[in-house]
Amino acid sequence: MHLLSARCACALLIQALFFCQVKCMPSVRGMYGETIEIPCDPFIQTENTMMIKWKYQKTDGSPQDLIVKSKDQDPLISVPDALKHRVSMVANSSLLLSGARLTDQGTFTCMVVTTANIFEHQIKLEVLKSPEGLEIFDKAEELEIGKLTKLGVCTAKNANPAAEIMWLKNNQALMDDGKGIFITKDVKVDLGTLLSTTTSTLKYSAQKEDDGAVFTCRAKHIVGEPITSSITLNVTYSPETVELLVTPQDPLVEGDNMTLKCVADGNPAPTSFNFHLKGETIKVENQNAFTITNVTRDASGEYKCSLIDDRGLEASKNVTVNYLDINLSPSGRIEKLAGKALEVTLQIYSSAAHSVSWKKNNRILDNEPKFPKIAYSDSGVYECEVALGPLSRKASFELVVQGAPVISSLSKHSSDDGKYKVLTCEAEGFPKPAVTWNINGTLITESPFSNGKIIQKFAVVPSENLTVQCTVSNKFGSDSKSIDVLPLLKDVTFKYQDTHVSRDQTKLVVGVVLGLLVATVLIGLAYWLYLKKSKQGSWKTAENENGSSEEEKKLEEKVEENSQKAEV
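To continue, consider the overall build of the chain. Secondary structure summary: the chain contains three helices and 41 strands in total. For the chain, buried positions account for 31% of its 568 residues. In the chain, once contacts between residues fewer than 6 apart in sequence are set aside, the share between residues at least 24 apart is 58%. Here the chain displays about 35,800 Å² of accessible surface, and carbon together with sulfur accounts for 51% of that area.

Another aspect to go through is the pairing of strand 17 (residues 214-220). Sheet analysis places strand 13 (residues 164-169) next to strand 17, joined by six bridges and oriented antiparallel. The residue of strand 17 that forms the bridge with I165 is A219. Relative to strand 18 (residues 227-232), strand 17 runs antiparallel, the two being bridged by six bridges. Of the residues in strand 18, the one forming a bridge with R218 is T228. The antiparallel pairing of strand 17 with strand 18 creates a hairpin that spans six residues between the two strands, and G224 there sits at a positive phi of about 80°.

So, on to the sheet that holds strand 2 (residues 36-38). Adjacent strands of a sheet pair through backbone hydrogen bonds, lying either parallel or antiparallel. Sheet architecture is open: three strands sit in the order 2-7-6, paired in antiparallel fashion. Each having just a single partner strand, strand 2 and strand 6 (87-89) make up the two edges of the open sheet. Neighbour-to-neighbour, the strand axes of the sheet open up by a mean angle of 25°, direction not taken into account.

Inspection of the entire model under this criterion finds seven aromatic pairs. One aromatic cluster in this structure is built from F371, Y382 and F397. Between R297 and the ring centre of Y323, over which it is positioned, the NZ or CZ distance is 3.9 Å.

Counted by the stated rule, this structure contains one cavity of 30 Å³ or more. Estimates place the volume of the largest cavity at around 40 Å³. As for the largest cavity, its lining consists of S357, W358, K359, E383, C384 and E385. Going through the elements one at a time, strand 32 (355-360) and strand 34 (380-388) are the ones with two or more residues in the lining of the largest cavity. Among the residues forming the lining of the largest cavity, the class breakdown is two nonpolar, one polar and three charged.

Here the focus is the sheet that holds strand 20 (residues 242-247). Strands sit in the order 20-22-25 across an open sheet of three strands; the sheet is antiparallel. Each edge of the open sheet carries a strand with a single partner, namely strand 20 and strand 25 (289-292). Put simply, the sheet's adjacent strands are angled 20° from each other on average, direction ignored. Of the pairings in the sheet, the one linking strand 22 (residues 258-264) to strand 25 comprises four bridges and is antiparallel in character. Its bridge partner being in strand 25, K261 is matched across the sheet by A289.

Close reading of the predicted structure is inappropriate where its pLDDT is low. Averaged over every residue, the pLDDT of the chain is 82; the share at 70 or more is 84%. In the model, residues 537-549 has pLDDT below 50 throughout and makes three contacts with residues more than four positions away in sequence or in other chains. Note on residues 562-568: pLDDT under 50 across the span, and seven contacts to partners over four residues away in sequence or across chains.

Attention shifts here to the pattern of salt bridges. Taken as a whole and judged by the stated rule, the model has 17 salt bridges. Between K150 and D138 there is a salt bridge; the shortest N-O distance is 3.6 Å. On the criterion of sequence distance, the pair formed by K150 in strand 12 (residues 148-159) and D138 in the loop between strand 10 (134-137) and strand 11 (143-144) is long-range, its members being twelve residues apart. Taking relative accessible area as the criterion, K150 reaches 36% and is therefore assigned partly exposed. Measuring nitrogen to oxygen at the nearest pair gives 3.6 Å for the salt bridge that ties E398 to R333. Note that E398 is positioned in strand 35 (residues 391-414) and R333 in strand 30 (residues 332-337), a separation of 65 residues in sequence. Using a relative accessible area of 31% as the deciding quantity, one classes E398 as partly exposed. Salt bridges here are not isolated pairs; linked through shared partners, they connect K208, E240 and D265.

All right, on to a nonpolar patch on the surface then. A cluster of nonpolar residues, V187, V189 and L194, forms a patch on the protein surface that exposes about 210 Å² of accessible area. If you trace the backbone, V187 turns up in strand 15 (residues 181-189). Residue classification places V187 among the partly exposed residues on the basis of a relative accessible area of 38%.

Moving residue by residue along a regular strand, the side chains alternate between the two faces of the sheet. Across six bridges, the pairing between strand 32 and strand 34 is antiparallel. Following the sheet pairing, K359 is matched in strand 34 by E383. Of the pairings in the sheet, the one linking strand 32 to strand 33 (residues 363-365) comprises three bridges and is antiparallel in character. Bridging from a neighbouring strand, W358 pairs with L365 of strand 33.

Rules and cut-offs
Residues numbered from 1 in each chain as written. Predicted model: local features only at pLDDT ≥ 70, side-chain atom pairs only at ≥ 80, totals over all residues. Heavy atoms only, no water. Helix = DSSP H or I, 4+ residues; strand = E, 2+ residues; numbered from the N terminus. Buried < 20%, exposed > 50% of the residue type's maximum accessible area, 1.4 Å probe, protein only. Contact = heavy atoms within 4.5 Å. Areas by Shrake-Rupley, 256 points an atom, 1.4 Å probe, with all protein chains shown as cover. Pairing = 2+ DSSP bridges. Axes fitted to C-alpha atoms, helices over the stretch in contact; angles between N-to-C directions. Phe/Tyr/Trp six-rings, centres within 6.5 Å; stacked < 30°, edge-to-face > 60°. Lys NZ or Arg CZ within 6 Å of the ring centre and 35° of its normal. 1 Å grid on protein atoms, 1.4 Å probe; cavity = no way out; pocket = protein on both sides within 12 Å on 5 of 7 lines; lining within 4 Å. Points joined across faces, edges and corners; volume = space filled by probe spheres on them. Nonpolar A, V, L, I, M, F, W, Y, C, P; charged D, E, K, R; others polar. pLDDT = per-residue confidence, 0-100. Salt bridge = Lys/Arg side-chain N within 4 Å of Asp/Glu carboxyl O. Patch = residues over 30% accessible without salt bridge, like charges linked within 9 Å, V, L, I, M, F, W, Y side chains within 5 Å.

Below, the structure is given as structure tokens:
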């Protein structure tokens, strides 16, 4: 039992080796008419190589020597007539085959003889050739609906292997369904060159929607990119439907030119039509359009078109000519006193929904302007725009708010360098108010007069407490406001002429100051004792009293002088 299993395994191994020898043989592919190199790999040339021989297997299976090269000798070439002058061996022992033909396909053997062994390497040669272009013959000029017709014959010539042909309609592959699509294929081989020519014939039953379809013949080959050839299908049929087109499409507005176009689906298409314009019929020949210029809202209504020879094929369409009119009140220049009311009315007459937008001085407003109590900031140019598709209407008015000026703010602050005071007076009024001050100073800036507002900045250098008044006035009246301004504070700066005072100088200064203080205290004490004794001797004569009085004055002056020195 074990012996039988071993024999079976051995037989399977031998069979597998034989199969691999046939199926696993390496191959070389080359292009038809070009030079092909057939390598002797995987053998590596060594110094002990005695001989290299290339052999070719004939069609009957027998070997044929091609080139024999012995060590240190020139190659010996012995080839059949079919390979004569087309084979050679290069330095790396590869075989070069020029002008490759399909008859050259077969098995080539490289035999290497060394001092120790003999090796053989077999390699299969395949010669490839792309088709010589692609062409469609017997093209159908036109097809009738529902009639099976040969559309064309597609041919890809002289290729190896044979090219594969596919038909497509509008880039979608067509398959033979045995009903409306029939595809037949034929491959012929030239006995001389062994090159193949592929032919594919398409028969097709057309439908109305196939008119203008593009049918493509595509050839695929192992070499290169697919090549294609196309034809455009023309399907003939009688008109079945009519459609009326209006341009421009909605929205059609007053002033437009309206074109009516009648389109029928026949092939060839009709070229003459009747246009029915609100009770009037107009015949148009050799064209399918009729234009009405500068339409008005009265042109709205139903329009029709039909074939001249078949009134039953008719199409119609309702046309609306859009219009837009507006009326804005007030308009132009409006002058109003501040605090009064102003009513704004916008009337719109349109054929459809519309949009409304407002601007003030070219800036978009969120809402329609309302003026229950006019302020100076309301001054400006107001513009409304109403839009309906391409239609647009604009209207505007200018509001000028007038009145006596009013000071809204009077403020003060010190300049950045602290050298002067800045007074700011803000006022509203129209016409532009004049600004005056009750003291002398310097005008710093005055803002542009806008929306009835003016701002003026005034500089003063007060040396004492001031009450400054700002007055604004125009032809309607005036207004004043006052503000108190304190004098500027002088900075006390201690300057040291010498920042490196020695310790001895410091001690001297401190000693002098302390000495003066002690002297002042002693003088004061002596003066006090003197006064006390003077009161005890009140019995002295008037002359003595006068003398003591003078001495007392001198003491007081001396004490005061010493006190000032101490303070210094």
